[in-house]
Amino acid sequence: MVFSIKNQIPDLGAAAQIFKALADETRLKIAFALTIEEELCVCDVGEIIGSSTATASHHLRFLRDLSLAKSTRKGKQVYYSLADHHVNALVKIAYEHAIEEGEKDGKSS
């Protein structure tokens with residue numbers, strides 16, 4: 001049984017990178033913001049996370065480089081959105097799970 005299971009497990013390196021990226025609270029906050037508003041410019045993201053535009057841009061590029069976000073240039077502004085519905089679902093499910101676990105433990109968010 002163990003051998004059979006072991007042989008069925010694919011290379012999960014890319015999936016692990018997704019979770020590493022979203023393990024950073026700032027990047028998760030950015031991703032969550034993008035579940036609320038489909039597209040945000042870098043300056044708006046900076047305001048949302050309370051950082052400079054340069055810091056926001058760094059986090060957004062990181063998410064884009066891992067195919068979690070995508071960017072579009074509109075004039076001088078760069079706008080970001082989540083890459084697809086899978087990323088949106090991951091972020092929402094992680095948040096919902098955390099809320100449910102907090103309620104089980106008697107904690108509130």
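An account of the accompanying structure is given in this report.

Procedures and definitions
Residues numbered from 1 in each chain as written. Predicted model: local features only at pLDDT ≥ 70, side-chain atom pairs only at ≥ 80, totals over all residues. Heavy atoms only, no water. Helix = DSSP H or I, 4+ residues; strand = E, 2+ residues; numbered from the N terminus. Rg over C-alpha atoms; globule rule 2.2 N^0.38 Å. Contact = heavy atoms within 4.5 Å. Pairing = 2+ DSSP bridges. Axes fitted to C-alpha atoms, helices over the stretch in contact; angles between N-to-C directions. Core = buried A, V, L, I, M, F, W, Y, C linked by side-chain atoms within 4.5 Å. Buried < 20%, exposed > 50% of the residue type's maximum accessible area, 1.4 Å probe, protein only. Patch = residues over 30% accessible without salt bridge, like charges linked within 9 Å, V, L, I, M, F, W, Y side chains within 5 Å. Areas by Shrake-Rupley, 256 points an atom, 1.4 Å probe, with all protein chains shown as cover. Salt bridge = Lys/Arg side-chain N within 4 Å of Asp/Glu carboxyl O. Phe/Tyr/Trp six-rings, centres within 6.5 Å; stacked < 30°, edge-to-face > 60°. Lys NZ or Arg CZ within 6 Å of the ring centre and 35° of its normal. Lys, Arg positive; Asp, Glu negative; His and termini not counted. Charge placed at Lys NZ, Arg CZ, Asp CG, Glu CD.

1. A short note on the overall build of the protein chain
For step 1, the next point in the chain: When you go through the protein chain residue by residue, the secondary structure sums to six helices and three strands.
For step 2, the next point in the chain: Secondary structure elements in the protein chain, listed N-terminal to C-terminal, are α-α-α-β-α-α-β-β-α.
For step 3, the next point in the chain: Against the globule reference of 13 Å for 109 residues, the protein chain gives a C-alpha radius of gyration of 17 Å, more extended than a compact globule.
For step 4, the next point in the chain: Looking at the protein chain alone, contacts between residues at least 24 apart form 48% of all its contacts between residues at least 6 apart.

2. Observations concerning the sheet that holds strand β2 (residues 69-74)
The pairing of strands in a sheet happens through backbone hydrogen bonds and is either parallel or antiparallel.
For step 1, the next point in the chain: Strands sit in the order β1-β3-β2 across an open sheet of three strands; the sheet is antiparallel. The open sheet has two free edges, formed respectively by β1 (40-41) and β2, since each of these has just one partner strand.
For step 2, the next point in the chain: In this sheet, strand β3 (residues 77-82) lies alongside β2 in antiparallel orientation, the contact comprising six bridges. Residue pairing across strands places T72 opposite Y79, the latter belonging to β3.
For step 3, the next point in the chain: Sheet contacts for helix α5 (residues 53-65): β2 and β3; angle to β2, the most-contacted strand, approximately 120 degrees.

3. As for unusual backbone geometry
For step 1, the next point in the chain: The backbone of S67 sits at a positive phi, close to 60 degrees, despite the residue not being glycine.
For step 2, the next point in the chain: Looking at where S67 falls in the secondary structure, it is placed in the loop between α5 and β2.

4. Describing the nonpolar core
Generally speaking, soluble globular proteins have nonpolar side chains that are buried together.
For step 1, the next point in the chain: Counting 20 residues, the largest nonpolar core has I30 and L63 as the members making the most contacts within it.
For step 2, the next point in the chain: Taken together, the elements giving at least two residues each to this core come down to α2 (13-23), α3 (25-36), α4 (42-49), α5, β3 and α6 (85-104).
For step 3, the next point in the chain: With four residues, the top contributor of residues to this core is α3.
For step 4, the next point in the chain: Excluding residues within four positions of it along the chain, L63 makes contact with A21, L22, R27, I30, L68 and A69.

5. With respect to a nonpolar patch on the surface
For step 1, the next point in the chain: There is a patch of nonpolar side chains on the surface, built from M1, V2, I5, I9 and L12 and spanning about 570 Å² of accessible area.
For step 2, the next point in the chain: With respect to the secondary-structure elements, I5 resides in helix α1 (residues 2-8).
For step 3, the next point in the chain: For I5, a relative accessible area of 45% puts it in the partly exposed group.

6. What to know about the packing of aromatic side chains
For step 1, the next point in the chain: Summed over the entire model, instances satisfying the criterion amount to one aromatic pair.
For step 2, the next point in the chain: Sitting over the face of the ring of F62, R27 holds its NZ or CZ atom 4.0 Å from the ring centroid.
For step 3, the next point in the chain: Sitting over the ring of Y79, K74 keeps its end group 5.0 Å from the ring centre.

7. Concerning a negative patch on the surface
For step 1, the next point in the chain: Residues E37, E38, D44 and E47 make up a contiguous surface patch of negative charge.
For step 2, the next point in the chain: Note on placement: E37 falls in the loop between α3 and β1.
For step 3, the next point in the chain: Under the relative-accessibility criterion, E37 is labelled partly exposed at 44%.

So far we have only geometry, and geometry alone does not tell us how the molecule works.
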